[in-house]
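Below are the chains, spelled out letter by letter.
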Amino acid sequence: MTEVACELCPRGCVIPEGGAGDCRVRVNIDGRLRASTYGRPSAIHIDPMEKKPLYHFHPGSPVFSIATAGCNLHCLNCQNWQLSQRGGEEMEKVYRADPDQVVALAREQGCESIAYTYSDPIVFYEYVEDTGRLAHEGGLNNVFVTAGYINREPLRRLCRVLDASNTDLKAFDDRFYREVNAGSLEPVLDALVTFREEGVWLEVTNLVIPTLNDDLVMIRRMARWIRDELGEGTPLHFSRFHPQYRMRNLPPTSGETLDRARQEALDAGLQYVYVGNVLGHEGNNTYCPVDGTLLIGRIGFHITENNLTGDGRCPSCGHPVPGVWQ
Amino acid sequence: MKRYPSIHIAALDRRRFLGLSAAALASVLPAARTLARTGTPVTLSDREACFYHRLNAPEGKR
């Protein structure tokens, strides 16, 4: 029996012959580790970029979005648990889509980008890299929606094919990560810094869960860390929690809590702080941090107006807004 | 390093999942019937090999 140690993520699973890692999809076959969902997505959709959410990256453009089964975290509040907390062989739907087919489909559907999303694409790493390389050759962008629980070396390699990421920072608290997500904080912070260092456009999402990670002191510490380590222009999305999966005992996040979190982050010096999952909230919009001009108006995932100049500046004062606009 | 039990191996023999055609599996494995419905032949190839892993054996015995 040959054991194999997976070195992709901080779990470092030691996997016996015939077994799978904690993610359920990386399996030991005859002493070789295999990505069992390679080319076998279980979710294929076309989404607006705002759904990722990415607000400063090709706004309003359609994104060809794929996911396979599996995840290396086990969040009690997962909203995609039917996909993420299963192995490929347990899925009701398994499509066959080789990397070249994914790219061809995306182009056929008029998408400028491919998103690796829904579950955590870290667990289908090789599929992302192969598809991403072909996507670049075909003039498409690659978007990586992740919780960032990955070792630094593999992430650096993957960054060569990535253009943008929305990365979850689930809380600025290691205990929260251990108890709610079955992970830990430090590797996620490392991943965020790596994205920034490697020049991948980065936005951060924090899902605010009542009583668990809505402490304003913690939110302030998180916002200051983002400001200092990632830059004041890094967009931060506070998302509203809805009871899901194994966390149905808590209520949805109140609008007041999200308002306070947003204000705390703005006070800490972040320039672009958003509120998600609340339709019509002013925190859906992008404002100029210098003169307050409405730059991009949104309702949900839809853009109602885009007043940015062609090169991504405020039309009133000319302030350059960080992002990838064209 | 923590060792994780192979919690799903009882649900399906992955060697078969990856190594045989879906049609061949359909008669014996419930999960594979789905694959058969999609008409997807499931085969193992080198491109599925994971980049980041190592044999878990003492130095010199790999």
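Note that the structure is a prediction, hence the values are computed from the model and not measured.

Section: the pairing of strand β8 (residues 141-146) of chain A
Two faces belong to every sheet, and in a regular strand the side chains alternate between them.
All names here are of chain A.
Then, number 1: Among the six residues that make up β8, six are buried, leaving the element largely enclosed by the rest of the structure.
Then, number 2: A two-sided burial pattern is seen for β8, the buried positions comprising Asn-141, Val-143 and Val-145 on one face and Asn-142, Phe-144 and Thr-146 on the other.
Then, number 3: As defined by bridge partners, strand β7 (residues 113-116) adjoins β8 across four bridges and the pair is classed as parallel. Bridging from a neighbouring strand, Ser-113 pairs with Asn-141 of β8.

Here's the deal with the packing of aromatic side chains
Then, number 1: Following the criterion strictly, the structure yields eight aromatic pairs over all chains and no others.
Then, number 2: Seen from their ring centres, Phe-172 of chain A and Trp-225 of chain A are 6.1 Å apart, and the 50° between their planes marks the pair as tilted. A residue pair is termed long-range when its members are at least 10 positions apart, and Phe-172 of chain A in the loop between β9 (164-168) and α5 (174-181) and Trp-225 of chain A in helix α7 (residues 216-229) qualify at 53 residues.
Then, number 3: Members of the aromatic cluster, joined through ring pairs, are Tyr-38, Phe-124 and Tyr-127 of chain A.
Then, number 4: Above the face of the Phe-51 of chain B ring, Arg-157 of chain A is positioned so that its terminal group lies 4.0 Å from the ring centre.
Then, number 5: A cation sits over an aromatic face here: Arg-298 of chain A above Tyr-55 of chain A, 3.9 Å from the ring centre.

A word on the sheet that holds β9 of chain A
Residue and element names in this part refer to chain A.
Then, number 1: The strand order β5-β6-β7-β8-β9-β10-β11-β12 describes an open sheet built from eight strands, whose pairing is mixed. Edge strands, defined here as strands with exactly one partner in the open sheet, are β5 (43-48) and β12 (273-276). Looking at each pair of strands side by side, their axes are set apart by 20° on average, direction ignored.
Then, number 2: As judged from the four bridges shared by β8 and β9, these two strands associate in the parallel manner. Looking at β9, one finds that Thr-146 is bridged to Thr-167.
Then, number 3: Against the sheet, helix α2 (residues 99-108) touches β6 (62-67) and β7, its axis set at about 150° to β6.

Digging into the side chain of Arg-298 of chain A
Residue and element names in this part refer to chain A.
Then, number 1: Mapped onto the elements, Arg-298 comes out in strand β14 (residues 294-299).
Then, number 2: A distance of 2.9 Å separates the side chain of Arg-298 from the backbone oxygen of Asn-284, its partner in a polar contact.
Then, number 3: Polar side-chain contacts of Arg-298 include one of 2.9 Å to the side chain of Thr-286.

A look at helix α3 (residues 125-137) of chain A
Then, number 1: Helix length check: α3 of chain A (13 residues) gives 19 Å between terminal C-alpha atoms against 18 Å at 1.5 Å per residue, within 8%.
Then, number 2: The complete set of buried residues in α3 of chain A reads Tyr-125, Glu-126, Tyr-127, Val-128, Glu-129, Asp-130, Thr-131, Gly-132 and Ala-135 of chain A.

Section: α7 of chain A
Residue and element names in this part refer to chain A.
Then, number 1: The terminal C-alpha atoms of α7, which comprises 14 residues, lie 20 Å apart, in line with the 20 Å expected from a rise of 1.5 Å per residue.
Then, number 2: Within α7, the full set of buried residues consists of Met-218, Ile-219, Met-222, Ala-223, Trp-225 and Ile-226. Around the axis of α7, the buried residues are gathered within 160° of arc, so they sit on the same side.
Then, number 3: Contacts from the buried residues of α7 go to α6 (185-197), β10 (201-208), β11 (236-240) and α8 (255-267).
Then, number 4: Positive backbone phi, approximately 110°, marks Gly-231, located one or two places after α7.

Here's the deal with the UniProt feature "binding site: [4Fe-4S] cluster" (unreviewed entry) in chain A
Residues and elements named next belong to chain A.
Then, number 1: Taking the numbering used here, the UniProt-annotated feature "binding site: [4Fe-4S] cluster" (unreviewed entry) corresponds to Cys-71, Cys-75 and Cys-78.
Then, number 2: As for its placement among the helices and strands, Cys-71 is situated in the loop between β6 and α1 (81-84).
Then, number 3: Relative to the helices and strands, Cys-75 resides in the loop between β6 and α1.
Then, number 4: Residue contacts for Cys-75: discarding those within four places in its chain leaves Lys-170, Val-180, Asn-181 and Tyr-245.

Calculation rules
- Residues numbered from 1 in each chain as written.
- Chains lettered and ligands numbered in written order.
- Predicted model: local features only at pLDDT ≥ 70, side-chain atom pairs only at ≥ 80, totals over all residues.
- Heavy atoms only, no water.
- Buried < 20%, exposed > 50% of the residue type's maximum accessible area, 1.4 Å probe, protein only.
- Helix = DSSP H or I, 4+ residues; strand = E, 2+ residues; numbered from the N terminus.
- Pairing = 2+ DSSP bridges.
- Phe/Tyr/Trp six-rings, centres within 6.5 Å; stacked < 30°, edge-to-face > 60°.
- Lys NZ or Arg CZ within 6 Å of the ring centre and 35° of its normal.
- Axes fitted to C-alpha atoms, helices over the stretch in contact; angles between N-to-C directions.
- Contact = heavy atoms within 4.5 Å.
- Polar contact = N/O pair within 3.5 Å; in protein donor to acceptor, adjacent residues only side chain to side chain.
- Expected span 1.5 Å × (residues − 1).
- Arc of directions from axis to C-beta.
- UniProt positions renumbered as here; feature names shortened; annotations may be inferred.

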